Number of protein chains: 2
Amino acid sequence: MTELGRRIDARIRNIPDFPKPGILFKDITPILQDGSLFHDVIAALYEPLKNEALNYVAGIESRGFIFASALASKLGAGIILLRKPGKLPWRTVRATYQLEYGTDAIEMHEDAVKPGDRVAVVDDLLATGGTATAACCLLRDCGAEVRHVLFMIELGFLSGREKLRSAGFSQIHSLLCY
Amino acid sequence: MTELGRRIDARIRNIPDFPKPGILFKDITPILQDGSLFHDVIAALYEPLKNEALNYVAGIESRGFIFASALASKLGAGIILLRKPGKLPWRTVRATYQLEYGTDAIEMHEDAVKPGDRVAVVDDLLATGGTATAACCLLRDCGAEVRHVLFMIELGFLSGREKLRSAGFSQIHSLLCY
């Protein structure tokens, strides 16, 4: 574990049975509240992106928006919002993905990217990778090049990284892996 | 209207009847997608805050998170999430406020601020001011000093600014007022 990983780990608050029984939720609000730590998290996520000439940083609803915005602001790039169905007001494109029971979906505006746009995708946490993989596929299906996929935290035992890799997304970064 | 206001106005997409009939929704995603414009928006919102020695920028769910994050990152401050009921995983404090029909509420974690913390509150749009006023009151009730309240867009005809002022919050900024 890196020194930054240790600092993140020390601030994560584990919440049992949230949002439903059996899930141990990683509450990241203490990290966001720590201005100095948040600054270092953004600096570390920025590192692999800084020479990529990205057009956009895409954030996955809703905690991903926080990381996407700070990174886009630092890079001078635009922000793309990847949202749950029905949340975006205009015309959307959608990717559906499998859950343990049933399906879920993620949407973005149909004018969000043009063919050839260079994009990084970011979220707070990589678990099974279902949402992140769907998000990356949606961007690629619209012609964008997904250059990097970034997370502050990765739950390695849930193999989300393998799911992303199988779908063809190989530049995956996390600052702390459990 | 300032030149920045004109640039914002030119990018807003008006969506009739979203999220419900009779509402003309201001879609700000084209502004977020424009890296150069988003950069200038953040720079303008940063201006009144830069010498304030703020501890936190508080963002109102969920588009407010985008502005709060970029501003906090630039200021070296922490971020506080003000969320709809049930979304925050840990122990929360809540402010309830009146809607035209019924009530709504906003929550934050009970350890979000300490007495004396200096905070700015930000959201994308000021309409009637119900949510923003509740958010500012909640922070003040917990001992924080709400130094500034910022919006990218203000719907002046809905008098949200007056509601905030009546509640004792006088440093209100918007980049574009309709």
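For the structure given in this document, a descriptive report is provided here.

Another aspect to go through is the packing of helix 1 (residues 3–11) of chain A against helix 3 (residues 35–46) of chain A. Residues and elements named next belong to chain A. Orientation of helix 1 relative to helix 3, taken along the N-to-C sense of each, is 135°, at an axis distance of 11 Å. Overall, the two elements helix 1 and helix 3 adopt an arrangement that is oblique. Handedness of the crossing formed by helix 1 with helix 3: left-handed. Every residue of helix 3 that contacts helix 1 at Leu-4, Arg-7, Ile-8 and Arg-11 is listed here: Ser-36, Leu-37, Asp-40, Val-41 and Ala-44. Tallied by class, the residues present in the contact of helix 1 with helix 3 amount to five nonpolar, one polar and three charged.

On to unusual backbone geometry. Between Phe18(A) and the following residue, Pro19(A), the backbone shows a cis peptide bond with an omega angle of -5°. The topology assignment puts Pro19(A) in the loop between strand 1 (13–16) and strand 2 (24–27). A positive phi angle, near 60°, is found at Asp17(B), a position not held by glycine. Structurally, Asp17(B) is set in the loop between strand 1 (13–16) and strand 2 (24–27).

Let us now look at the pairing of strand 7 (residues 118–126) of chain A. All names here are of chain A. Counting buried positions along strand 7 yields seven of nine residues, so the element is predominantly enclosed. Two elements, strand 7 and strand 8 (residues 145–154), share eight bridges in a ladder whose sense is parallel. What sits directly across from Val-119, in strand 8, is Val-146. Assessed by its sense of winding, the connection that carries the chain from strand 7 through helix 5 (residues 130–141) to strand 8 is right-handed.

Glancing now at the nonpolar core. Counting 64 residues, the largest nonpolar core has Ile8(A), Val41(A), Phe67(A), Ile8(B), Val41(B) and Phe67(B) as its most contacted members. Membership of the second largest hydrophobic core comes to 28 residues, among which are Ile80(A), Val113(A), Cys136(A) and Ala167(A).

Taken as a whole and assessed by the stated rule, the structure comprises 30 salt bridges over all chains. Between Arg91(B) and Glu110(B) there is a salt bridge, and its shortest N-O distance comes to 2.9 Å. Taken together, the residues Arg91(B) in the loop between strand 4 (78–82) and strand 5 (92–98) and Glu110(B) in the loop between strand 6 (103–109) and strand 7 (118–126) connect sequence positions 19 residues apart. Look at Arg91(B) and you get partly exposed, because its relative accessible area is 48%. Residue Asp117(B) is joined to Lys114(B) by a salt bridge in which the shortest nitrogen-to-oxygen separation is 3.2 Å. One salt-bridge network, held together by shared partners, links Glu52(A), Arg118(A), Glu145(A) and Arg147(A).

Calculation notes
- Residues numbered from 1 in each chain as written.
- Chains lettered and ligands numbered in written order.
- Predicted model: local features only at pLDDT ≥ 70, side-chain atom pairs only at ≥ 80, totals over all residues.
- Heavy atoms only, no water.
- Axes fitted to C-alpha atoms, helices over the stretch in contact; angles between N-to-C directions.
- Helix = DSSP H or I, 4+ residues; strand = E, 2+ residues; numbered from the N terminus.
- Parallel < 35°, antiparallel > 145°, perpendicular 65-115°, else oblique.
- Left-handed = near helix turned anticlockwise from the far one by under 90°.
- Contact = heavy atoms within 4.5 Å.
- Nonpolar A, V, L, I, M, F, W, Y, C, P; charged D, E, K, R; others polar.
- Buried < 20%, exposed > 50% of the residue type's maximum accessible area, 1.4 Å probe, protein only.
- Pairing = 2+ DSSP bridges.
- Right-handed = clockwise from strand over helix to strand, strands pointing away.
- Core = buried A, V, L, I, M, F, W, Y, C linked by side-chain atoms within 4.5 Å.
- Salt bridge = Lys/Arg side-chain N within 4 Å of Asp/Glu carboxyl O.

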